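# Per-entry structural report
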Amino acid sequence: MKRLDKIEESKIYKSTTTVLSDVRSFVNEHAYNFGFGDKEISEIILAVDEACTNVIKHAYKGNLEAEFEVRVIASGIEFAVTVRDWGESFKPEEVPVPNIKEKMKVHKAGGLGIFLMRKLMDTVEYQEKGAANEVRLVRYLKNEPKA
Amino acid sequence: MNEFKVLTRDSGNAVVMELHGFLDAHTAPELEKTFSELIGKGKFNIVVNFSELNYISSAGLGVFMAYIDEIRTNHGDIKLANMQQKVYNVFDLLGFPFLYEIYKDQDEALRKFSNH
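Okay, so let's go over this structure. (Residues numbered from 1 in each chain as written. Chains lettered and ligands numbered in written order. Predicted model: local features only at pLDDT ≥ 70, side-chain atom pairs only at ≥ 80, totals over all residues. Heavy atoms only, no water.)

Taken together, the contact pairs 26 residues of chain A with 24 residues of chain B. Around 2100 Å² of area is buried between chain A and chain B when both sides are counted, 69% of it from carbon and sulfur atoms. Run the count over chain A and chain B and you get one salt bridge. As a salt-bridge pair, Asp24 of chain B and Arg24 of chain A come within 2.8 Å of each other at their nearest N and O atoms. For the pair chain A and chain B, the number of links is four residue pairs in polar contact (both at pLDDT 80 or more). Among the elements of the structure, α1 (20–34), α2 (38–59), α3 (100–106) and α4 (112–120) of chain A are those that each provide at least two residues to the side of chain A that touches chain B. The leading source of residues in the side of chain A that touches chain B is α2 of chain A, at seven residues. (Contact = heavy atoms within 4.5 Å. Buried area = accessible area lost by both parts, 1.4 Å probe. Salt bridge = Lys/Arg side-chain N within 4 Å of Asp/Glu carboxyl O. Polar contact = N/O pair within 3.5 Å; in protein donor to acceptor, adjacent residues only side chain to side chain. Helix = DSSP H or I, 4+ residues; strand = E, 2+ residues; numbered from the N terminus.)

Structure follows, in structure tokens:
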């Protein structure tokens, strides 16, 4: 299959964890079409899952009627996924790097998602745009794209 | 939708927990329920077989963190086994290999319990 060197697609999802598997399929399809290999695709999928999980759990706090958007914009070597919500804004700088040993004691996994996103993607940027919050996750295509 | 299933069975003085499918924020509560039932029955020696688990996110990892302390306080452990590479990579990124015993093979993990 010929790779796509330009992608611009978006989808709106209800704020419930049942949509996470659909989000993963959506990102999987476009990351594959853009030419990423299996390992990179699974890393991008996980980072986007974590961003969406944060929106569902924290920005919307279980409001099932709320919606968020996942947009893929890819060109050149840049594959960017933006997750946008209109819920409570988020201050990433207030989330400390997790100490797993400490977290085991307090039985909480909070902060692991952001930590993973930063490990898995080349850049992770948070922005407030009016009433919207955006997290933009970028991964660069490093190897020669598949033919 | 991506499915998730947990099967448990006794093996000597331990319980083997087999995970199947996709473990994310949607399916993690099912795993929590299984851990909490085992703890309720006083079963603290747990081997988790990951061979059929295709995906894990931090919500899934959080479940292992939530119960390990209580289990170790009761002289048990959660030992992890048979992980696919992509699942292991996520555990590795978060430093789990320093805090949990991870085995290539379930039987090796079970033997560690039978030695006690």
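Our focus in this paragraph is the packing of aromatic side chains. In total, this model carries 12 aromatic pairs over all chains according to the counting rule given. Here the aromatic rings of Phe96 of chain B and Tyr100 of chain B are separated by 4.9 Å at their centres, their planes lie at 15°, and the arrangement is stacked. As far as the burial class goes, Phe96 of chain B and Tyr100 of chain B line up, both buried. One aromatic cluster in this structure is built from Phe35, Phe50, Phe64, Tyr67, Phe91, Phe96 and Tyr100 of chain B. Seen from the ring of Phe34 of chain A, Arg3 of chain A lies directly overhead, with NZ or CZ sitting 4.7 Å from the centre. (Phe/Tyr/Trp six-rings, centres within 6.5 Å; stacked < 30°, edge-to-face > 60°. Buried < 20%, exposed > 50% of the residue type's maximum accessible area, 1.4 Å probe, protein only. Lys NZ or Arg CZ within 6 Å of the ring centre and 35° of its normal.)

Residues and elements named next belong to chain B. With respect to the helices and strands, the residue Asn49 is situated in strand β3 (residues 45–56). Take Asn49: its relative accessible area is 7%, and that puts it in the buried class. Among the polar contacts made by the side chain of Asn49, one reaches the side chain of Gln106 at a distance of 2.6 Å. Discounting chain neighbours no more than four positions away, the residues touching Asn49 are Val16, Met17, Glu18, Leu19, Ala81, Asn82 and Gln106.

A side chain with one charge can pair with a side chain of the opposite charge if their charged atoms come near. Residue and element names in this part refer to chain B. Evaluated as defined, the whole model comprises 20 salt bridges over all chains. Taking the shortest distance from any N to any O, the salt bridge between Asp77 and Lys79 comes out at 3.2 Å. Like Asp77, the residue Lys79 is buried in the burial classification. Among the ionic pairs, Glu101 bridges to Lys79, the shortest N-O distance being 2.9 Å. In this pair, Glu101 sits in the loop between α3 (85–93) and β5 (102–103) while Lys79 sits in strand β4 (residues 77–81), placing the two residues 22 residues apart along the sequence. Owing to a relative accessible area of 32%, Glu101 belongs among the partly exposed residues under this scheme.

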